[in-house]
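Examining the three-dimensional arrangement
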Protein chains: 2
Amino acid sequence: MEKLFVIKIGGNVLDHPDALDRFLDDFAAVPGHRILIHGGGKIATRLGDQLGIESRYVDGRRITDDATIDLVTMVYGGLVNKQLVAALQARGCNAMGLTGADGNVIAAHKRPVKTIDYGWVGDVDNVNGHFLRALLEAGLAPVMAPLTHDGQGHILNTNADTIASNLAVALSATYQVRLMYCFEKKGVLEDLHREDSVIPLINREIHARLLAEGRLADGIIPKIDNAFAAIDAGVREVLIGDASELTRNVTDKVSGTLIVS
Amino acid sequence: MEKLFVIKIGGNVLDHPDALDRFLDDFAAVPGHRILIHGGGKIATRLGDQLGIESRYVDGRRITDDATIDLVTMVYGGLVNKQLVAALQARGCNAMGLTGADGNVIAAHKRPVKTIDYGWVGDVDNVNGHFLRALLEAGLAPVMAPLTHDGQGHILNTNADTIASNLAVALSATYQVRLMYCFEKKGVLEDLHREDSVIPLINREIHARLLAEGRLADGIIPKIDNAFAAIDAGVREVLIGDASELTRNVTDKVSGTLIVS
């Protein structure tokens, strides 16, 4: 099977033009198939402030009312997505911007209201792997905004990490998928105060030992759980690493943390 | 050759939810291949007003400074495009939103400054017909925002009528193309004061006679000239008609004005 890199970048990269330029240089140079998933929350928050649309969060998730879904559709699906696509085209990378509505790539449903009404937030039902494969085989690099649709005409706001994981799983029958979460740390750290304490490899055995010894920070535990869930669903490996180390992290000698079965 | 309908809708349709719903019902039911090109200028102007971005025009063309290109990228490429795509998906039409940057569909260059600096406005250099054909043959309905790119990382604002004409010409080697301009009038009128005075067919002979007799309104003359230019470049026919008459206007018995060689 051919390799596929499913690469999610965090908001910090989008907010730093120099870091973004370097990341896009590296992304354009990734050999073979790749998909980029982006956020844009900070840009949406700034524009929302200008428009008098209040940004509200519960457990880190944006409450998406009518004004907010229009806001994020503009910012994620329009401004950020098209700027990334144009910037990649300038680097000779044939990028193709997508939301989940385009080509019915990601069908979702509006999250049911239990204790919290998240508004126009979508939980993923189905990924159109057939269409994504056709784009990849045509040499295109899909650039995915964190938006899905409900099949009834509504755009839904969906967490970018979740979209990355769902795409990776859906394509794992056809490709050897490395799912990559790029953020501003070098990887999973043994000691949060030492940037050079990256754990290079986590498998189930190491994971159990790290947990038993209480050596994983609270914030990283759900990320690693999600990584193992993706691996259980067919993804070959998950990398957590620094956006500035993309070129190294698509090789076998990673600088971040590689999570494997 | 198979038929292809390249359909441009004006801003008025976008501004009237009921009319838009009906238009989208009809578009989803168009038999065979079709492409939708939309604007969104009024929505951009309203959002620009909220953001303190002044809308300035010369000869009906928007002056596109740095703030304005971001504004129209959000509104055309994000809000309007994705709402149309989601609405078509809800009608069983597998729509695919595009700007010229996506898949390098439309390469353009920034209009050189002569007497007027239009800013980030693009004139079309090349249409990637190969990619559009692949989408059409896969059963997708491209939905095109009036944005192009310069291959150097910049999104450019490009007139939607011009984009429609360029797409129609580029695809005329493969398809029998009917290029359709849908607006709020029934067609080209013999008498501007009589809505029922639609001229059903204009060919070169009729065109010459109408011009000689001074029976064409000033506003419509350049539209008809552009129609003949598209026909000279390979487009089979151009229809000017009412957005509410789409279902009839894709047949042989049109209610609008059909312009032929």
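Structure: see above.
About the cut-offs
- Residues numbered from 1 in each chain as written.
- Chains lettered and ligands numbered in written order.
- Predicted model: local features only at pLDDT ≥ 70, side-chain atom pairs only at ≥ 80, totals over all residues.
- Helix = DSSP H or I, 4+ residues; strand = E, 2+ residues; numbered from the N terminus.
- Rg over C-alpha atoms; globule rule 2.2 N^0.38 Å.
- Buried ≥ 20, exposed ≤ 12 C-beta atoms within 10 Å, placed from the backbone.
- Pairing = 2+ DSSP bridges.
- Contact = placed C-beta atoms within 7 Å.
- Axes fitted to C-alpha atoms, helices over the stretch in contact; angles between N-to-C directions.
- Nonpolar A, V, L, I, M, F, W, Y, C, P; charged D, E, K, R; others polar.
- Least-squares fit on C-alpha atoms with pLDDT ≥ 70 in both.
- Parallel < 35°, antiparallel > 145°, perpendicular 65-115°, else oblique.
- Left-handed = near helix turned anticlockwise from the far one by under 90°.
- Expected span 1.5 Å × (residues − 1).
- Arc of directions from axis to C-beta.

1. Considering the overall build of chain A
From N to C terminus, chain A includes 9 helices and 14 strands. Taking 2.2 N^0.38 as the reference for a compact globule, 261 residues should give roughly 18 Å; the C-alpha atoms of chain A span a radius of gyration of 18 Å, in line with that estimate. Across its three principal directions, the C-alpha atoms of chain A cover 45 × 45 × 35 Å. Sorting the 261 residues of chain A into buried and exposed places 48% on the buried side.

2. Structural notes on helix H7 (residues 204–212) of chain B
For H7(B), a buried count of 0 out of 9 residues is recorded, marking the element as mostly open to its surroundings. Following H7(B) by one or two positions, Gly214(B) adopts a phi angle in the positive range, close to 65°.

3. Points about the sheet that holds strand S11 (residues 175–183) of chain B
Residues and elements named next belong to chain B. Taken in spatial order, the 8 strands make up an open sheet running S5-S8-S2-S1-S11-S13-S14-S12, and their pairing is mixed. Two strands close off the open sheet at either side, each with one partner strand: strand S5 (95–98) and strand S12 (201–202). Taken together, the 6 bridges between S11 and strand S13 (residues 237–242) define a ladder with parallel strand orientation. The partner of Arg 178 across the bridge, within S13, is Glu 237. Helix H6 (residues 160–170) contacts strand S1 (2–9), strand S2 (33–38), strand S8 (141–144) and S11 of the sheet and is inclined by roughly 175° relative to S1.

4. Some thoughts on the interface of chain B and chain A
Contacts between the two partners involve 34 residues from chain B and, on the opposite side, 34 residues from chain A. Residue assignment for the side of chain B that touches chain A shows that the elements contributing at least two residues are helix H3 (41–51), helix H4 (66–90), S5 and strand S9 (147–149) of chain B. Per-element accounting of the side of chain B that touches chain A gives the leading share, 14 residues, to H4(B). Here the side of chain B that touches chain A is composed, by residue class, of 15 nonpolar, 16 polar and 3 charged.

5. Quick look at the relation of the copies chain B and chain A
When chain B is brought onto chain A, the operation consists of a screw motion whose angular component is 180° and whose axial shift is 0.0 Å, with 0.0 Å RMSD remaining. Both chain copies can therefore be described as sitting about a two-fold axis. Nearest to the rotation axis, the C-alpha of Gly78(B) is located 1.8 Å from it, this being the minimum over chain B. A shared interface surface links the copies, since 100% of the contact residues of chain B are contact residues in chain A too.

6. Focus on the sheet that holds strand S1 (residues 2–9) of chain A
Residue and element names in this part refer to chain A. The strand order across the open sheet built from 8 strands is S5-S8-S2-S1-S11-S13-S14-S12, with neighbouring strands paired in mixed fashion. The open sheet has two free edges, formed respectively by strand S5 (95–98) and strand S12 (201–202), since each of these has just one partner strand. Looking at chain direction, S12 and strand S14 (residues 257–259) are connected through 2 bridges and run parallel. Bridge pairing links Ile 202 to Ile 259 in S14. Sheet contacts for helix H4 (residues 66–90): strand S2 (33–38), S5 and strand S8 (141–144); angle to S5, the most-contacted strand, approximately 175°. On top of the sheet, helix H6 (residues 160–170) reaches S1, S2, S8 and strand S11 (175–183); it is set at about 175° to S1, its chief contact.

7. Considerations on the pairing of S1(A)
Along a regular strand, successive side chains alternate from one face of the sheet to the other. Residue and element names in this part refer to chain A. Burial analysis of S1 places 6 of its 8 residues in the buried class, the great majority of the element. By the bridge criterion, 8 bridges tie S1 to S11 in an arrangement that is parallel. Across the sheet, residue Ile 9 finds its bridge partner in S11, namely Cys 182. Two strands pair when backbone bridges link them, and S1 and S2 are joined in this way by 6 bridges, in the parallel orientation. Bridge pairing links Lys 8 to Ile 37 in S2.

8. Topic: unusual backbone geometry
With a phi angle near 55°, Asn104(A) is a residue other than glycine that sits in the positive phi range. As for its position among the elements, Asn104(A) is in the loop between S5 and strand S6 (106–110).

9. Re the packing of H3(B) against H4(B)
Residue and element names in this part refer to chain B. Direction vectors running N to C along H3 and H4 enclose 125°, while the axes themselves pass 9 Å from each other. When the axes of H3 and H4 are compared, the pair comes out oblique. Helix-helix and strand crossings are classified by hand; for H3 and H4 the assignment is right-handed. Between H3 and H4, the contacting residues are Ile 43, Ala 44, Leu 47 and Gly 48 on the first element and Leu 71, Val 72, Val 75, Tyr 76, Leu 79 and Val 80 on the second.

10. Overview of helix H8 (residues 221–232) of chain A
Residues and elements named next belong to chain A. For H8, with 12 residues, the first-to-last C-alpha span of 17 Å sits near the 16 Å given by 1.5 Å per residue. Restricting attention to buried positions, one finds in H8 the residues Ala 227, Ala 230 and Ile 231. With its buried residues spanning 100° around the axis, H8 presents them on a single face. For H8, the exposed residues set more than 90 degrees away from the buried face come down to Pro 222, Asp 225 and Asp 232. In the core, the buried residues of H8 are packed alongside H6, S11, strand S13 (237–242) and S14. Remark: Gly 234 follows H8 within two positions and exhibits a positive phi of approximately 120°.

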